[in-house]
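Residue-level listing of the chains:
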Amino acid sequence: MKVCIAEKPGVAREIAGVLGARTKHDGYLEGNGYQVSWTYGHLCTLKEPHDYTPEWKQWRPGTLPMIPPHFGIKLLSGDSYEKQFRTLEKLIRHADAVINCGDAGQEGELIQRWVMQKAGCKCPVYRLWISSLTEESIREGFRNLKAASDFDRLYQAGLARAIGDWLLGMNATRLYTLRYGQNRQVLSIGRVQTPTLALIVNRQKEIERFKPEPYWELKTVYRQTTFAFAKGKFTARDDGQKLLLAVAGKDFTVVGISRKEGKESPPRLFDLTSLQVECNRRFAFTAEETLQLAQALYEKKTATYPRVDTTFLSDDIYLRAPQILKGLAAYADLVDPLLKTRLPKSKKVFDNSKVTDHHAIIPTGKQASRLSDRETKVYDLIARRFIAVFYPDCEIATTTVAGEVEKIPFKATGKQILKPGWRVVTGREVPENAENKPDEETSVLPAFTVGETGPHEPALAEKWTSPPKPYTEATLLRAMETAGKAVENEELRDALKENGIGRPSTRAAIIETLFKRNYIHKERKNLFPTRTGAELIDIIHDDLLKSAELTGLWEKKLRQIEHGSFEAGVFINELKDMVQQIVQNVRSDRSQRSVAVEETAARPETVPSRKPAKSAAKHTAKPASQPSGAPRCPRCKKGVILRGKTAYGCSAYRDGCLFRLPYETYGKDLSDPQLKKIVQSMPPAKGHAARKKT
């Protein structure tokens, strides 16, 4: 019997349906020579400090640094995890072969490998590697199963990442909490979250330090067209005033007209980061919301695997492109003209050298039905981008008109779209940096003639320099992608991706973690550090902990491990040395500094008490005021779901259960039956629970 292990029950059902495994058992489906089971995301995790030695259970400076001689894994606590693992263990031990059907990425590989290790798997193991959940993709994947050993490097990179996060997170969090914390409040430190917080804190410092300075612009209006002084702005008002007096009352003369025609290529296909950026800009979706929506589209078979960091497609997709386009029935008016001719094949779209494990996010061509309003918005962006890459370039003409008054030069520039090309599909695409630059797509200029003259209306306007803009989630994601470097050129940004901090699949969770720990807050779309977040970064003097550039170099090494050009053991030893250095540096700090912890709506994390905890039953008892129809929490199985100010949450939050359903996503007026239906549809002990510390 062949045992297939998927990452979620829903994915397992899709695979089982294709394989013909339709007989239901407790925890798996069977048939046609296959047993198809699942995990709930992670079933196993790295052991906690106290699992290695009782001395590490208490938070004491003398126990640091904690560096286990060997790292081990254990089952996550919870009846549902235990039950499903026992099912998998039994199936694996009697299997002729195991097929790893986890998500096709680093984290998916790690999740499944740990389960198979814990279950003592001895039989041959194969890997299903697919980018969509359509029937065709699943069948093709099973026809081309790969040896598990082909992905050993991917697993080693994932394991190195997990161990690195454990070493830094466990040690630095305890170290800074014990040395600088107040009132037993935890100061959480992470390999990626801390440099990300530093980006936001440093941007706020730049804003606060900024001193606005005045400057002056000389402009004049001739024939209802605004012309600007050709040599730029004035830093002294008197200089501008002299020219204003010189041109006032004198005729304006057109002295030159130049026209330059050009082309604009279609925008690139989406990787996860660019999709999150676009959804934040257009719809104010958070990075986490966009990831969830893209994942939902993947599981509904309408879009391909979302956790990708490339904007290119492999050459084989070109052969399937006509069929995908035919499936986009809702866009028939845009697709039909393409299908009448041979599709163009651009190196800006199809390039095998730019694709590794997965290609860019595109529609699958399957009918998009039963989508929520938010899912539809994300799907529409993905579908239109895919259609647009097969359309011709947008042809434009840029006209510059030069004029002068008393030999003082002025100019005006206008842009005209000659042939819209791909813009027919996407409409006007506003550049990501449009906030910081004037609109380039000005209205078409009137027809001017060289030598014409006439009256004009000059004016000198006082302006002030502007401070840097606060980060939004969109601009923060870009900063994480480029390790804090401001890069607008797409090709240069691609080159920096290897040095970005975090992975596309983890950046949203990092941002959410900063919110959860009250290190940042949001005002409209802008992100600002809280007092706690700012003081934490100020108290950290080790660039090793807060430098986006250094963290980006670690990320590059993890990618090199994945590609076989760097050893995981070397990376882990480097982190061990770094942790020892950080502990030594903090111990030598004789200052009396501390970090203030602001009160938050959500209960802050606290340092574990050395005294025995009181009976949990007293804390998790259902409040008398809670309606009897409230659903049970799917994470801890103890509390019930309460209605809070901004989200539905678990009544056992005082015991550390962080399950929540934001009103932003689910609406605040759900009835008890509706709420119960949503909760019951979620995998046990996962849902919107707190993410693993990074």
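As a reminder, the structure under discussion sits directly above these lines.
Described below are features of the structure shown in this document. (Residues numbered from 1 in each chain as written. Predicted model: local features only at pLDDT ≥ 70, side-chain atom pairs only at ≥ 80, totals over all residues. Heavy atoms only, no water.)

Next up on the list: unusual backbone geometry. Between Leu64 and Pro65 the backbone carries a cis peptide bond, its omega angle lying at 0 degrees. Looking at the element boundaries, Pro65 is found in the loop between α2 (49–52) and β6 (73–75). Look at Gln224: it is not a glycine, yet its phi comes out positive at around 60 degrees. Relative to the elements of secondary structure, Gln224 occurs in the loop between β10 (214–222) and β11 (225–229). Accessibility expressed as a relative area gives 82% for Gln224, which makes it exposed. (Helix = DSSP H or I, 4+ residues; strand = E, 2+ residues; numbered from the N terminus. Buried < 20%, exposed > 50% of the residue type's maximum accessible area, 1.4 Å probe, protein only.)

Bringing the sheet that holds strand β14 (residues 408–419) into the picture now. In sheet architecture, strand pairing relies on hydrogen bonds along the backbone and comes in two forms, parallel and antiparallel. Read across the sheet, seven strands follow the order β15-β12-β13-β14-β11-β10-β16 without closing on themselves; strand pairing throughout is antiparallel. At either end of the open sheet lies a strand with only one pairing partner, and these are β15 (453–454) and β16 (457–464). Looking at chain direction, strand β12 (residues 252–264) and strand β13 (residues 394–405) are connected through eleven bridges and run antiparallel. Paired with Glu261 across the bridge in β13 is Ala397. Taken strand by strand, helix α8 (residues 237–247) contacts β10, β11, β13, β14 and β16, and its axis lies near 170 degrees from that of β16. (Pairing = 2+ DSSP bridges. Contact = heavy atoms within 4.5 Å. Axes fitted to C-alpha atoms, helices over the stretch in contact; angles between N-to-C directions.)

The next thing to look at is the packing of aromatic side chains. The final tally for this structure, using the stated rule, is 20 aromatic pairs. With 5.3 Å between their ring centres and 85 degrees between their planes, Phe71 and Trp166 make a pair best called edge-to-face. Residue Phe71 is located in the loop between α2 and β6, and its partner Trp166 is located in helix α6 (residues 152–180); the two are separated by 95 residues in the primary sequence. Using a relative accessible area of 6% as the deciding quantity, one classes Trp166 as buried. Ring geometry for Trp129 against Phe151: centres 4.7 Å apart, planes inclined by 20 degrees, an arrangement best described as stacked. One end of the pair, Trp129, is in the loop between β8 (125–127) and α5 (135–143); the other, Phe151, is in the loop between β9 (146–147) and α6, and 22 residues separate them in sequence. Connected via pairs of aromatic rings, a cluster forms that spans Tyr222, Phe227, Phe229, Phe234, Phe252, Phe410 and Phe448. The ring of Phe151 carries the charged tip of Arg127 above its face, separated from the ring centre by 5.8 Å. One residue, Lys233, lies across the ring of Tyr215, its end atom 4.6 Å from the ring centre. (Phe/Tyr/Trp six-rings, centres within 6.5 Å; stacked < 30°, edge-to-face > 60°. Lys NZ or Arg CZ within 6 Å of the ring centre and 35° of its normal.)

This paragraph deals with the packing of helix α7 (residues 193–209) against helix α18 (residues 531–539). The N-to-C vectors of α7 and α18 enclose an angle of 105 degrees; their axes lie 9 Å apart at closest approach. It follows from the interaxial angle that α7 and α18 lie roughly perpendicular. On the side of α7, the interface is formed by Thr194, Leu197, Ala198, Val201 and Lys205, while α18 contributes Gly533, Ala534, Leu536, Ile537 and Asp538. In terms of residue class, the contact of α7 with α18 is made up of six nonpolar, two polar and two charged. (Parallel < 35°, antiparallel > 145°, perpendicular 65-115°, else oblique. Nonpolar A, V, L, I, M, F, W, Y, C, P; charged D, E, K, R; others polar.)

A large share of strand β4 (residues 34–38) lies buried, amounting to five of its five residues. Here β4 shows a buried face lined by Tyr34, Val36 and Trp38 and a second buried face lined by Gln35 and Ser37. As judged from the five bridges shared by strand β1 (residues 2–6) and β4, these two strands associate in the parallel manner. The partner of Lys2 across the bridge, within β4, is Tyr34. As defined by bridge partners, strand β3 (residues 28–31) adjoins β4 across four bridges and the pair is classed as antiparallel. Across the sheet, the residue bridging to Leu29 is Val36, located in β4. Here β3 folds back onto β4 in antiparallel fashion, the turn holding two residues, of which Asn32 has a positive phi close to 60 degrees.

It is worth spelling out helix α21 (residues 568–587) at this point. Given a rise of 1.5 Å per residue, 20 residues ought to cover 28 Å, and the 29 Å separating the end C-alpha atoms of α21 matches this to within 8%. Of all the positions in α21, only Ala568, Phe571, Ile572, Leu575, Met578, Val579, Ile582, Val583 and Val586 are classed as buried. When α21 is viewed along its axis, its buried side chains cluster within an angular range of 135 degrees and face the same direction. Tucked inside the fold, the buried residues of α21 contact α6, α19 (543–546) and α20 (548–563). (Expected span 1.5 Å × (residues − 1). Arc of directions from axis to C-beta.)

This paragraph deals with the packing of α7 against helix α15 (residues 473–481). In the contact formed by α7 and α15, the axes pass within 11 Å of each other and the chain directions differ by 125 degrees. Relative to α15, α7 is oriented oblique. Note that α7 runs across α15; the crossing there is right-handed. Of the residues in α15, those touching α7 at Thr196, Leu199 and Ile200 are Leu476, Ala479 and Met480. Considered class by class, the residues forming the contact of α7 with α15 number five nonpolar, one polar and no charged. (Left-handed = near helix turned anticlockwise from the far one by under 90°.)

Tallied over the entire structure, the rule returns 41 salt bridges. The salt bridge involving Lys83 is made with Asp26; its shortest N-O contact spans 3.2 Å. Here Lys83, found in helix α3 (residues 79–93), pairs with Asp26, found in the loop between β2 (23–25) and β3; they are 57 residues apart in sequence, far enough to count as distant. Exposure remark for Lys83: the relative accessible area of 49% places this residue in the partly exposed category. Put simply, Asp152 and Arg113 hold a salt bridge, and the shortest N to O gap is 2.9 Å. Here Asp152 is found in helix α6, whereas its partner Arg113 is found in helix α4 (residues 106–118), with 39 residues between them in sequence. Here the salt bridges do not stand alone but share partners, grouping Arg161, Asp165, Arg191, Glu555 and Arg559 into one network. (Salt bridge = Lys/Arg side-chain N within 4 Å of Asp/Glu carboxyl O.)

By size, the foremost hydrophobic cluster in this structure holds 148 residues, and its most contacted members are Ile15, Phe142, Tyr176, Phe386 and Ile387. Examining the composition of this core, we find that twelve residues originate from one element, α6, more than from any other. Those residues in contact with Ile387 that lie beyond four places of it in its chain are Leu325, Leu328, Tyr331, Leu334, Val335, Leu338 and Val425. If you look at the next biggest cluster of nonpolar residues, it comprises 17 residues, including Leu244, Val247, Val401 and Ala412. (Core = buried A, V, L, I, M, F, W, Y, C linked by side-chain atoms within 4.5 Å.)

Quick look at the sheet that holds strand β20 (residues 647–650) now. Read from one edge of the open sheet, three strands run β19-β20-β21, paired in antiparallel fashion. Edge positions in the open sheet fall to β19 (641–643) and β21 (660–662), since each of these has one partner strand only. Each strand axis lies, on average, 20 degrees off the axis of its neighbour in the sheet, ignoring direction. Note that β20 and β21 share three bridges and pair antiparallel. Bridging across to β21, Gly649 finds its partner in Arg660. Packing against the sheet, helix α24 (residues 672–680) makes contact with β19, β20 and β21, and its axis sits at approximately 130 degrees to β19.

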